[in-house]
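As a plain string of letters, each chain reads:
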Amino acid sequence: SFNAQLVMRQRTRTRARLECLLRTLLLCAIAGEIAPAAFSENAEQSFLGWTGFSVTKERAQEFRRSIEEVFPMWGKTDDKTINCILRDAGLLPTRWWPEAWMGLCGFVF
């Protein structure tokens, strides 16, 4: 549950921007922009319970926009910075970053 993820965040002392990412992923999952993989109770084997997710192809632009709205790059989209936020969370694409953003492959912890 989301509450369990917040408790895990408190135990691991995760930085605020990663908590923002957690909340954004949850909202995007509810909106159907992404499909979460199985959740884990193990903080060392997941990003606060998230073991991965895939972007819904038809909603890829909306998902990207959702991430950009939470992490604005001073009016300019900065792929490297946005990718680093996911990388800091341990969520990496299974192939190339552009493919994962388009929903052609998933992100995994």
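Analysis parameters
- Residues numbered from 1 in each chain as written.
- Predicted model: local features only at pLDDT ≥ 70, side-chain atom pairs only at ≥ 80, totals over all residues.
- Heavy atoms only, no water.
- Axes fitted to C-alpha atoms, helices over the stretch in contact; angles between N-to-C directions.
- Helix = DSSP H or I, 4+ residues; strand = E, 2+ residues; numbered from the N terminus.
- Parallel < 35°, antiparallel > 145°, perpendicular 65-115°, else oblique.
- Left-handed = near helix turned anticlockwise from the far one by under 90°.
- Contact = heavy atoms within 4.5 Å.
- Nonpolar A, V, L, I, M, F, W, Y, C, P; charged D, E, K, R; others polar.
- Pairing = 2+ DSSP bridges.
- Salt bridge = Lys/Arg side-chain N within 4 Å of Asp/Glu carboxyl O.
- Buried < 20%, exposed > 50% of the residue type's maximum accessible area, 1.4 Å probe, protein only.
- Core = buried A, V, L, I, M, F, W, Y, C linked by side-chain atoms within 4.5 Å.

Student: Lay out the packing of helix H2 (residues 16-31) against helix H3 (residues 60-70) in plain terms, naming residues and giving numbers.
Tutor: Between H2 and H3, whose axes approach to 10 Å, the crossing angle comes to 150°. Here H2 lies roughly antiparallel to H3, going by the angle between them. Regarding H2 and H3, the two cross each other, and that crossing is right-handed. Here Cys20, Leu21, Thr24, Leu25 and Cys28 of H2 come into contact with H3, specifically with Phe63, Ser66, Ile67 and Val70. Partitioned by chemical class, the residues of the contact of H2 with H3 number 7 nonpolar, 2 polar and no charged.

Student: I'd like a description of the pairing of strand E2 (residues 52-55), backed by residues and values.
Tutor: Direction of pairing for strand E1 (residues 34-36) relative to E2: antiparallel, over a ladder of 3 bridges. When the bridges of E2 are listed, Ile34 appears paired with Val55. The sheet contact formed by E2 and strand E4 (residues 106-108) spans 3 bridges and is antiparallel. Residue pairing for E4: Ser54 is matched across the bridge by Gly106.

Student: Talk me through the pattern of salt bridges; I want residue IDs and the actual numbers.
Tutor: Inspection of the entire model under this criterion finds 5 salt bridges. Salt-bridge contacts for Asp79 lead to Arg64; the nearest nitrogen and oxygen are separated by 2.2 Å. One end of the pair, Asp79, is in helix H4 (residues 79-88); the other, Arg64, is in helix H3, and 15 residues separate them in sequence. Exposure remark for Arg64: the relative accessible area of 15% places this residue in the buried category.

Student: Mind laying out the environment of Ala100, listing which residues take part and the relevant values?
Tutor: Relative to the helices and strands, Ala100 resides in helix H5 (residues 97-101). Accessibility expressed as a relative area gives 0% for Ala100, which makes it buried. The spatial distance from the C-alpha of Ala100 to the C-alpha of Val55 is 7.0 Å, given a sequence separation of 45 residues. Once you skip the residues sitting within four places of it in the chain, Ala100 turns out to touch Val55, Pro93, Cys105, Gly106 and Phe107.

Student: Describe the nonpolar core, with residues and values.
Tutor: One finds Leu21, Leu25, Phe47, Phe53 and Phe63 to be the most contacted residues of the largest nonpolar core, which totals 25 residues. Taken together, the elements giving at least two residues each to this core come down to H2, E2, H3, H4 and H5. For this core, the element with the highest residue contribution is H2, accounting for 5 residues. Setting aside its immediate chain neighbours within four residues, Leu25 contacts Ile34, Phe47, Trp50, Phe53, Phe63 and Leu91.

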